[in-house]
Amino acid sequence: MRFMMLMIPLGYETAPPTVQLDPERMAAMMRYNEALKEAGVLITLDGLHPPSMGARVSFAGGKPVVTDGPFAESKEVLGGYWMIEVNSRDEAIAWATKCPASSNEIIEIRQVQEMEDFSPELQRVAAGFTELQGKGKR
Amino acid sequence: MRFMVIVKASKDSEAGVMPSTELLTAMGKFNEEMAAAGLMEAGEGLHPTSRGARVKYSGGQSSVSRGPFDLNGDLVAGFWLIKTKSLEEAIDWMKRAPFDGGEEIEIRQVFSPEDFGEALTPELRENEARLRAQAAKK
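Definitions and limits used
Residues numbered from 1 in each chain as written. Chains lettered and ligands numbered in written order. Predicted model: local features only at pLDDT ≥ 70, side-chain atom pairs only at ≥ 80, totals over all residues. Helix = DSSP H or I, 4+ residues; strand = E, 2+ residues; numbered from the N terminus. Buried ≥ 20, exposed ≤ 12 C-beta atoms within 10 Å, placed from the backbone. Contact = placed C-beta atoms within 7 Å. pLDDT = per-residue confidence, 0-100. Pairing = 2+ DSSP bridges. Axes fitted to C-alpha atoms, helices over the stretch in contact; angles between N-to-C directions. Expected span 1.5 Å × (residues − 1). Arc of directions from axis to C-beta. Nonpolar A, V, L, I, M, F, W, Y, C, P; charged D, E, K, R; others polar.

(A) Summary view of the overall build of chain B. Within chain B, the regular secondary structure consists of 4 helices and 6 strands. For chain B, the sequential pattern of α-helices and β-strands runs β-α-α-β-β-β-β-α-β-α. Counting only C-alpha atoms and orienting by the principal axes, one finds that chain B spans roughly 50 × 45 × 30 Å. Scored against the burial criterion, the 138 residues of chain B give a buried share of 33%. Across chain B, every contact between residues at least 6 apart in sequence was considered, and the portion connecting residues at least 24 apart equals 70%.

Quick look at the structure:
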């Protein structure tokens, strides 16, 4: 089963574009990433620039409306994620509890949908999607 | 530049309502266009937060709470990872996404090693590259 560990750093919603990361914390995170990799559970991971460098598109009226970040109404935003392959939600939780996160951070664990989670009809419609992925791979 | 396009959760996504055949067909077409343009790296849907969990950290201790979580406008339902030349190009692509109602997406730039400056020492940078190469092989 694939799970996303979504890193939610509280306060990141108002971080300036020039946000600086602490080298010591980065080194601790790298050790954690190494442990995930050595256990064979890590699929991929990324960090995200602050929302002040991003944008939102909403489709409420059927027409796209673009809003530049930061987003005043957000209480929580993503700071990054890990995607892992484990056997259960409990195993994903166990990995998350080992993360050297600080008290202003929350990790949300979410199971990733697989093709077999779709009905046969939807599977037919979505066939080929897996092959599309990775076309823009670095 | 790499961007994560975060699709926000809705009442339906949190209730586990699967997309309609029509929407999935339109999404498939949109995904194919992005793949043909060489910018589609990944796209995933997440199961509702009722199947997820959150971990909070405090002074070396962690506490776990199980979903579902309040639909506060910040919950995630899925994402794309795309590669474009600028935020504007990412926005232009996403304006064409076949969303037809209350959906909202958030576009966030992914950190690349160059963004970390001196905090990412040559050693950390090397570790990071190795980690990615090995995770990608899976």
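(B) How the structure looks around the confidence of the model for chain B. Model confidence for chain B is summarised by a mean pLDDT of 90, while 96% of its residues fall at 70 or above. The complex prediction reports pTM at 0.92, with the ipTM value standing at 0.92.

(C) Just the environment of L122 of chain A, in detail. Within the secondary structure layout, L122 of chain A lies in helix α3 (residues 120-126). If we skip the residues at most four places from it in the chain, L122 of chain A touches M18, T21 and L24 of chain B.

(D) The arrangement of the sheet that holds strand β4 (residues 61-66) of chain B in detail. Judged by pairing direction, the sheet is antiparallel, and its 6 strands sit side by side in the order β2(A)-β5(A)-β1(A)-β6(A)-β3(B)-β4(B) without closing on themselves. What marks the edges here is a single partner per strand, and that holds for β2 (42-47) of chain A together with β4 of chain B. Each neighbouring strand pair of the sheet contributes to a mean axis angle of 20 degrees, computed without reference to strand direction. In this sheet, β4 of chain B lies alongside strand β3 (residues 53-58) of chain B in antiparallel orientation, the contact comprising 6 bridges. Pairing of R54 of chain B across the sheet is with S65 of chain B, part of β4 of chain B. Against the sheet, helix α1 (residues 23-38) of chain A makes contact with β2 and β5 (80-85) of chain A, and its axis sits at roughly 160 degrees relative to β2 of chain A, the strand it touches most.

(E) Representation of the pairing of strand β1 (residues 2-8) of chain B within the structure. All names here are of chain B. Counting buried positions over the 7 residues of β1 gives 5, a clear majority of the element. Two strands pair when backbone bridges link them, and β1 and strand β6 (residues 104-109) are joined in this way by 5 bridges, in the antiparallel orientation. Looking at the pairing, M4 lines up with R108 of β6.

(F) Spatial organisation of helix α2 (residues 21-36) of chain B. Here α2 of chain B is 16 residues long and its end C-alpha atoms lie 22 Å apart, about the 22 Å a rise of 1.5 Å per residue gives. When we look at burial in α2 of chain B, the residues that qualify are L24, N31, M34 and A35 of chain B. Projected down its long axis, α2 of chain B carries its buried residues within an arc of 95 degrees, all on one side. Exposed side chains of α2 of chain B directed beyond 90 degrees from the buried face belong to E22, K29 and A36 of chain B. Looking at the buried positions of α2 of chain B, the neighbouring elements they touch are α3 and α4 (129-132) of chain A together with β2 (40-45), β5 (76-83) and α3 (87-95) of chain B. One or two positions beyond α2 of chain B, positive phi appears at G38 of chain B, with a value near 75 degrees.

(G) Geometry of the interface of chain B and chain A. Listed by partner, the interface residues are 65 residues for chain B and 64 residues for chain A. Its residues assigned to classes, the side of chain B that touches chain A shows 29 nonpolar, 20 polar and 16 charged. For strand β6 (residues 105-111) of chain A and β3 of chain B, the ladder comprises 4 bridges, and the chain directions are antiparallel. Residue pairing across strands places I106 of chain A opposite K56 of chain B, the latter belonging to β3 of chain B.

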